[in-house]
Amino acid sequence: PKGLAEMFHVCEPETALLDKSNQNLLLGDGLVDIPAQGNDPSCQGELCNIERLCDYITTYSKNATELEILADIARKQHGGSDDDCMSVDWKAYLQQLAKPSVADFGWRSWLWQTCTEVGFYQTCDETCPFASFYHLVDMDLEICNVAFNITNVYDNVQATLDHYGGLDISAGSRVLSINGNVDPWSVLGLQSSPKYSLPVEMVEGASHHFWTHVVQETDAPEIVPVRDYISSVVMDWLVIDIDSSDYAYKLSSSSALRGTED
């Protein structure tokens, strides 16, 4: 454990990984950050998107082992200097989450929603592409217990499914579902349209709701038409005429998925 901790520049390497919960924290979601959810093709950082990360790995010294390459990436992602060690302390992490404080990134708010409504835990079993059986659902349930004194997560998730119907939204109408096929969360959304007034679109090469980001000249060609498509569908539902020259229906499925009636 000490050797691995030193390689990955873990704080307090002599003792940090002696604790099983700390091992799970370090290995459970992979040793490095792969920006699949927030993949931005136009970003400029050295390791800021999937393409740049893959390029860095494939052009690395042929004499380096896979573990050495991962360790180098991990150090860069955590600052890169000797003063920027990686904190791996499960108990301290729980204590921090238990503090009722507001943070800019809203992490505690999201955890509250997972505990009270949706679950959505990113566990890892034998089908995982990285370290299996380190991140188990018990870790997420412990967060709910320590941070919010919530112990009935399974009941809460079932109540949400019962109330909203899960993926079966066929009783509704005028719900537009957009997903990007690079987004890991896309598997939790609809993959095909259940009926005419519930259009579904999968955007090739797009990450997590990338079409909602600020418009940039570097936006991928798939992003521009999906923004037009979203606008056209909403305008149709609101019965507002628009100039087709301003909102071109460029997606192949647009004409089939638009509409106000079943």
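Basis of the calculations
Positions within a chain are numbered from 1, following the residues in the order the chain's sequence is written. For a predicted model such as this one, the threshold for reporting local features is a pLDDT of at least 70, and the threshold for listing and counting side-chain atom pairs is 80 or more; totals across whole chains, interfaces and linings nevertheless cover every residue. Working from all heavy atoms in the structure, the side-chain values ignore hydrogens and water. A pairing counts as a salt bridge when a side-chain nitrogen of Lys or Arg comes within 4 Å of a carboxyl oxygen of Asp or Glu. Helical segments are the DSSP runs of H or I of at least four residues, strand segments are the runs of E of at least two, and each set is numbered from the N terminus. To sort residues, take the accessible area from a 1.4 Å probe on protein chains only and compare it with the maximum for the residue type: under 20% means buried, over 50% means exposed, and anything in between is partly exposed. Patch membership needs two things, relative accessible area over 30% and no salt bridge, and members are linked within 9 Å if like-charged or within 5 Å if nonpolar (Val, Leu, Ile, Met, Phe, Trp, Tyr). Throughout, the Shrake-Rupley method with a 1.4 Å probe supplies accessible areas, and for residues the shown protein chains are the sole cover considered. To count as a disulfide, a pair of cysteine sulfur atoms needs to be within 2.5 Å. Two strands qualify as a pair provided that DSSP identifies no fewer than 2 bridges between them. Comment: axis = line fitted to C-alpha atoms, over the contacting stretch for helices; angle = value between 0 and 180 degrees taken between N-to-C directions. When an angle is under 35 degrees it counts as roughly parallel; over 145 it counts as roughly antiparallel; between 65 and 115 it counts as roughly perpendicular; any other value is oblique. Here is the rule for handedness: rotate from the far helix to the near one, and if that takes an anticlockwise turn smaller than a right angle the crossing is left-handed, while a clockwise turn gives right-handed. Throughout, a contact is declared for two residues whenever any of their heavy atoms are within 4.5 Å. Charged residues are taken to be Asp, Glu, Lys and Arg, nonpolar residues to be Ala, Val, Leu, Ile, Met, Phe, Trp, Tyr, Cys and Pro, and polar residues to be all remaining types, Gly included. Throughout this description, a polar contact denotes any pair of N or O atoms lying within 3.5 Å of each other; where both atoms belong to protein, one of them has to be capable of donating a hydrogen while the other can accept it, and for residues adjacent in sequence the pair is counted only when both atoms sit in side chains. pLDDT measures how confident the predictor is about each residue, on a scale from 0 to 100. Here a Phe, Tyr or Trp ring, Trp counted by its six-membered ring, pairs with any other such ring whose centre lies within 6.5 Å, and the pair is stacked when the planes are under 30 degrees apart, edge-to-face when over 60, and tilted otherwise.

Participant: Outline the pattern of salt bridges, listing residues and values.
Facilitator: For side chains bearing opposite charge, pairing can occur when the charged atoms are close. Counted under the stated rule, the structure contains four salt bridges. Residue glutamate 14 pairs with lysine 2 through a salt bridge whose shortest N-O separation is 3.0 Å. With glutamate 14 in the loop between α1 (2-7) and α2 (20-27) and lysine 2 in helix α1, this residue pair connects regions lying twelve residues apart in the sequence. The class for lysine 2 is partly exposed, based on a relative accessible area of 37%. Note that lysine 76 and glutamate 46 form a salt bridge whose closest N and O atoms lie 3.9 Å from each other. Residue lysine 76 is located in helix α4 (residues 66-77), and its partner glutamate 46 is located in the loop between α2 and α3 (50-58); the two are separated by 30 residues in the primary sequence.

Participant: Give me the lowdown on a nonpolar patch on the surface, citing residues and values where you can.
Facilitator: Side chains of Phe120, Val187 and Leu188 sit close together on the surface and give an oily, nonpolar patch of about 280 Å² of accessible area. The residue phenylalanine 120 is located in the loop between α6 (107-118) and α7 (137-148) in this model. Given a relative accessible area of 35%, phenylalanine 120 falls into the partly exposed group.

Participant: I'd love a proper account of the state of the cysteines, names of residues and values included.
Facilitator: All told, the structure shown has three disulfides when counted by the stated rule. In this model cysteine 11 forms its disulfide with cysteine 85; the gap between the sulfur atoms is 1.9 Å. A torsion of 95° about the S-S bond marks the disulfide between cysteine 11 and cysteine 85 as right-handed. Of this pair, cysteine 11 sits in the loop between α1 and α2 while cysteine 85 sits in the loop between α4 and α5 (90-97), and the two are 74 residues apart along the sequence. Residue cysteine 115 pairs covalently with cysteine 144 via a disulfide, S to S 2.0 Å. Note on the cysteine 115 and cysteine 144 pair: the S-S dihedral is about -90°, so by sign convention the disulfide is left-handed. Pair noted here: cysteine 115 is in helix α6 and cysteine 144 is in helix α7, with a separation of 29 residues, a long-range link.

Participant: Explain the pairing of strand β1 (residues 177-180) to me, using residue names and the numbers behind them.
Facilitator: Judged by which residues are buried, β1 turns out to be covered on both faces: Ser177 and Asn179 on one side and Ile178 and Gly180 on the other are all buried. Where β1 and strand β2 (residues 200-203) come together, four bridges link them in parallel fashion. Of the residues in β2, the one forming a bridge with isoleucine 178 is glutamate 201.

Participant: Explain the packing of α5 against α7 to me, and be specific about the residues and the numbers.
Facilitator: The interhelical angle for the contact between α5 and α7, taken along N-to-C directions, is 45°, at an axis separation of 9 Å. Here α5 lies oblique to α7, going by the angle between them. The chirality of how α5 crosses α7 is right-handed. Along the contact surface, α5 presents Trp90, Tyr93, Leu94 and Leu97, while α7 presents Met139, Glu142, Ile143, Val146 and Ala147. Residues belonging to the contact of α5 with α7 are distributed by class as follows: eight nonpolar, no polar and one charged.

Participant: Tell me about α2, residues and numbers included.
Facilitator: The set of residues buried in α2 consists of Asn22, Asn24, Leu26 and Leu27. Taken together, the buried residues of α2 touch α1, α5 and α7.

Participant: Account for the environment of serine 42, naming residues and giving values.
Facilitator: Position of serine 42 among the secondary structure elements: in the loop between α2 and α3. Sequence separation between serine 42 and aspartate 219 is 177 residues; the distance between their C-alpha atoms is 7.2 Å. Of the polar contacts made by the side chain of serine 42, one reaches the side chain of aspartate 40; its length is 2.9 Å. For serine 42, the side chain forms a polar contact with the side chain of threonine 218, separated by 3.2 Å.

Participant: Quick rundown of the confidence of the model for the protein chain? Include the residues and the values.
Facilitator: Per-chain confidence: the protein chain averages 85 in pLDDT, with 90% of residues scoring 70 or above. Confidence drops under pLDDT 50 across residues 244-262; counting only partners more than four residues distant or on other chains, this segment forms 40 contacts.

Participant: Talk me through the packing of aromatic side chains; I want residue IDs and the actual numbers.
Facilitator: Following the criterion strictly, the structure yields six aromatic pairs and no others. Look at tryptophan 110 and tryptophan 185: their rings are 6.3 Å apart centre to centre, the planes differ by 85°, and that puts the pair in the edge-to-face class. Here the residue tryptophan 110 occupies a position in helix α6, and tryptophan 185 occupies one in the loop between β1 and β2, the gap between them amounting to 75 residues. On the accessibility criterion, tryptophan 185 (18% relative accessible area) is buried. Summarising the aromatic geometry, the rings of phenylalanine 120 and tryptophan 185 are spaced 5.8 Å apart at their centres and angled 45° between planes, so their arrangement reads as tilted. Here phenylalanine 120, found in the loop between α6 and α7, pairs with tryptophan 185, found in the loop between β1 and β2; they are 65 residues apart in sequence, far enough to count as distant. In textbook terms, an aromatic cluster arises when at least three aromatic residues are bridged by ring pairs, as seen for Trp110, Phe120 and Trp185.

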